[in-house]
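Descriptive structure summary
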Amino acid sequence: MTNAILEVRDLVRTFGSFNAVDRVSFRVERGEVAGFIGPNGAGKTTTMRIAATLDLPDGGDVFIDGESVVARAREVRRRLGFMPDAYGAYSATTVHDYLDFFARAYGLSREERRETIRRLVDFVQLGDLLEKDTSELSKGMRQRLCLAKTLLHDPDLMILDEPASGLDPRARIELRELVKALAGMGKAILISSHILSELGEMCDSIIVIERGVVLAQGRVDELSRGLRQRTQLLYVKSFGPLEALERALLEEAGVQATNAEEAGLVVRFSGDEQGRAALLARLVTRGVPITEFRSDAVGLEDVFLDVTRGRVQ
Amino acid sequence: MNAADHLNPIFLQALRQALRGRMFQVLFWITLVLAMSFSLLYIVIATQAGGEPSGDTYFIWVYAALSFAVHLFVPFSAFLSLGNEWDEDTYELLVLSNLRPRNIVFGKLLSALLQAGLWFSAFGPFLVFSFLMPGLDLFTFGVILLLTALSTAFLTNLALCLSATARGRFARTFLLALLGLFLSGWALLAVVLASETLEHPTDLRSSIGQQAIWGIVTALVVVGGYLFVFACTRLAHEEENRSTGLRVFSSVILVAAWWWATSLYLAIGRIAEVFSAFTLMGVLVLTVFSALYVTEGRGLGRRVELEVPKSRWLALLSTPWLPGGGRGVAWYWLHLGLWLGAVALTLRVWPATSVTSPDATMSRLVVWVGVAYTWIYMAVPAFVFRPWSRRLALRVVARVAMPVFALLSFLVPTMVLFLFTSGGPEVMEHIGNPVEVVDSFDPTLEGFPHRLLREPRAWSLGGIGLALVLLHLPGVVHGVREVLAASRARRA
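My aim in this report is to walk through the structure given alongside it, one point at a time. Just so you know, these numbers come straight off a predicted model, no measurement behind them.

Let us look at empty space enclosed by the protein. Residue and element names in this part refer to chain B. Following the criterion strictly, the structure yields five cavities of 30 Å³ or more and no others. One number sums up the size of the largest cavity: a volume of about 60 Å³. As for the largest cavity, its lining consists of Arg298, Gly299, Gly324, Gly325, Gly326, Arg327, Arg386, Gly475, His478, Gly479 and Glu482. Of all the elements in the fold, those that place two or more residues in the lining of the largest cavity are helix H14 (325-349) and helix H18 (456-491). Looking at the lining of the largest cavity element by element, the count peaks at four residues for H18.

Okay, here's the thing in structure tokens:
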């Protein structure tokens, strides 16, 4: 018996001659929070929409709790909650009526509706706004309203497509807390986002997709460890122009790339601890005025850059 | 769960939204104020003229306001309500909540009809007042209001169908403008017809008047029903089964049409020409339906494959009702055969009283020529555009090409002959012009259809029709094989 709540198997979707998704396969286990990462046009939304039964694949299939999204779309919809990147809210409709409408659509009885709406508005912190018109809500509030709507039928799997897009920093923090709370409730979550640092804090695993092809997948800590074994990230700062430091670094063996950050450079360096010590020694010998030289932690952004190196357009 | 839990959620939502919306509130009060003003104005004018106010004239004044409310505002609001599902990005949320397209369209329709009910009740006092005045009888009053209610339902279905078809903002704005014009015209026409009816109330009670009422009621219900089903299919995903519902409904319409034509044929004394006219009308309706089905893309689609019956024989039987252009041609052939067979059977069981007259022979000729031309006009564009039938835009082009092709084959040879020959009545006589082709046959011919087979034009038409049958045959065979393969896969 598999423990995967979401299984994407050899998924193919083409639009004319364009392969939006090309034999994509991955799994999300029960209770797992998986980040779905890739640049615009990589195939994230197409994959998520197929998984949510809103689109049909040209090949392959997606199984939610063992049910095919192609063959048994209605059963699948009862098990998943999908929050699209463009979440709608009716005008001339209050928060309560909006949730009540969808709760009716999911077939909840009057008592169930009352209890569920009360619980969910508390969860998404909209309890004081039940009689407010949805058109008067801020983007962050509307997004929380849509999240509450997505939770009405208590799905086991949540698919959130770019939920942080367009939100201000405060709303992003609130979203992150909500996702963590959902994970704490045992929900499996597949979440896509451009803001990798935030995903890093939320996700147990990631799937990296580019041009419709999965480049890497696995647990965040395993991917980070793998990256650390092959590559180190160093933070180097010098007394002098940044360009001169960059030139000096790129002349050294093992230095793959540099990236300006604050007043220094983040350097991708292939080598172990001894190699790092040797690099510092050579720089000092060459007269580069180093003021700071330290190992930088490997984050989700580094994993993403490593996986997609030379391939992301 | 109590009864209220089973109410269509879309109905409740659309009604709540409409009643809370500014548009309904403003229009409601403006129309009521107008109706009140009309009433006062009419009473003042009638009193000053020295006469007694008459119920029928007063009714028309009030009915003018009611007609615009229920024939214009209600369908218009239904169009906007469904369109807002795309504008407000809520449509996919409805799909995800497992609401079926028919729930969505039915909810919108119910909400619009309840709004119409509100208008009727708001106008109730004025209408009752007009009835209490002299000059208005209950039967005419009831018929006008019943037809008004039915036409409101019909127009709302039309509005929902158009709104479901056009998802792009530009297309919807264009259709909204067209719909606004059409609905305004309809509202005005309803006032004129109501006025005419009130002027000649006895016409309604005559046999022809009764037949006309039933004809209008049947047309509004049947066409409205088709528009409803059409709207439902447009809301489904393009790769889902968007065709079977329409095809089944079309089959039912044809059965109802045969029953209605036969009843009328028997009621008015078995006149062969009348039955032939009904037969030809049936063929035309069948062709209009088929134009949608024969231009569908090939392939069943992954979700439809899973709906194909496991039984080989059931799968074979269901083939004409499953989506796909080839199966659309099979649907047309099957229904054309059934329609003509039913007509022949009817004429055998209840022979026409004037069947041996030259006119009767002529009308049979018209039916055969009509069948040939409608098939040719439909089959040529369907065949030409078949390679691109997976693209929606080109399917629309293929459908538009059918009447355009018919029109061009009437006009182009005539114009060419007129420009490059001396011109004269003979330029109209060409194979593309069915009227001239029918006229060219001897109306007194005997031994129909044997004589017909000796006519070169009949051979030409038959040859073209048969060639098109052969051209479409591989598509039909492919369509049947696809269904059998899907059935086999399901059994496996």
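It is worth spelling out the packing of aromatic side chains at this point. All names here are of chain B. Counted according to the given criterion, the structure contains 32 aromatic pairs over all chains. Aromatic side chains Tyr42 and Tyr58 sit 5.9 Å apart centroid to centroid with 40° between the ring planes, which places their arrangement in the tilted category. A residue pair is termed long-range when its members are at least 10 positions apart, and Tyr42 in helix H2 (residues 22-48) and Tyr58 in helix H3 (residues 55-87) qualify at 16 residues. Each member of the pair, Tyr42 as well as Tyr58, is classed as buried. Each residue in the set Phe24, Phe28, Trp29, Phe73 and Trp119 is aromatic and connected to the rest through ring pairs, giving one cluster. Directly above the aromatic system of Tyr91 lies the positively charged group of Arg167, at a separation of 5.4 Å from the ring centroid. Lying across the ring of Phe230, Arg234 places its NZ or CZ 4.7 Å from the centre.

If charged atoms from side chains of opposite charge come close, those side chains can pair. By the definition in use, this model includes 36 salt bridges over all chains. For Arg211 of chain A, the salt bridge goes to Glu210 of chain A, with nearest N and O atoms at 3.4 Å. Arg247 of chain B is paired through a salt bridge with Glu296 of chain B; the nearest N and O atoms lie 2.7 Å apart. Taken together, the residues span a long stretch of sequence, with Arg247 of chain B in helix H10 (residues 244-267) and Glu296 of chain B in the loop between helix H11 (272-294) and helix H12 (302-305) at a distance of 49 residues. A single burial state applies to Arg247 of chain B and to Glu296 of chain B, both of which are buried.

All names here are of chain A. The sheet built from four strands is open, its strands ordered S2-S1-S4-S5 with antiparallel pairing. In this open sheet, the two strands that pair with only one neighbour each are strand S2 (18-29) and strand S5 (67-68). Relative to S5, strand S4 (residues 59-64) is paired through two bridges, and the arrangement is antiparallel. Looking at S5, one finds that Phe63 is bridged to Ser68. Where helix H1 (residues 44-51) meets the sheet, its contacts fall on strand S1 (4-15), S2 and S4, and the angle it forms with S1 comes to roughly 120°.

Basis of the calculations
- Residues numbered from 1 in each chain as written.
- Chains lettered and ligands numbered in written order.
- Predicted model: local features only at pLDDT ≥ 70, side-chain atom pairs only at ≥ 80, totals over all residues.
- Heavy atoms only, no water.
- 1 Å grid on protein atoms, 1.4 Å probe; cavity = no way out; pocket = protein on both sides within 12 Å on 5 of 7 lines; lining within 4 Å.
- Points joined across faces, edges and corners; volume = space filled by probe spheres on them.
- Helix = DSSP H or I, 4+ residues; strand = E, 2+ residues; numbered from the N terminus.
- Phe/Tyr/Trp six-rings, centres within 6.5 Å; stacked < 30°, edge-to-face > 60°.
- Buried < 20%, exposed > 50% of the residue type's maximum accessible area, 1.4 Å probe, protein only.
- Lys NZ or Arg CZ within 6 Å of the ring centre and 35° of its normal.
- Salt bridge = Lys/Arg side-chain N within 4 Å of Asp/Glu carboxyl O.
- Pairing = 2+ DSSP bridges.
- Contact = heavy atoms within 4.5 Å.
- Axes fitted to C-alpha atoms, helices over the stretch in contact; angles between N-to-C directions.

Just distances and angles here, no functional claims.
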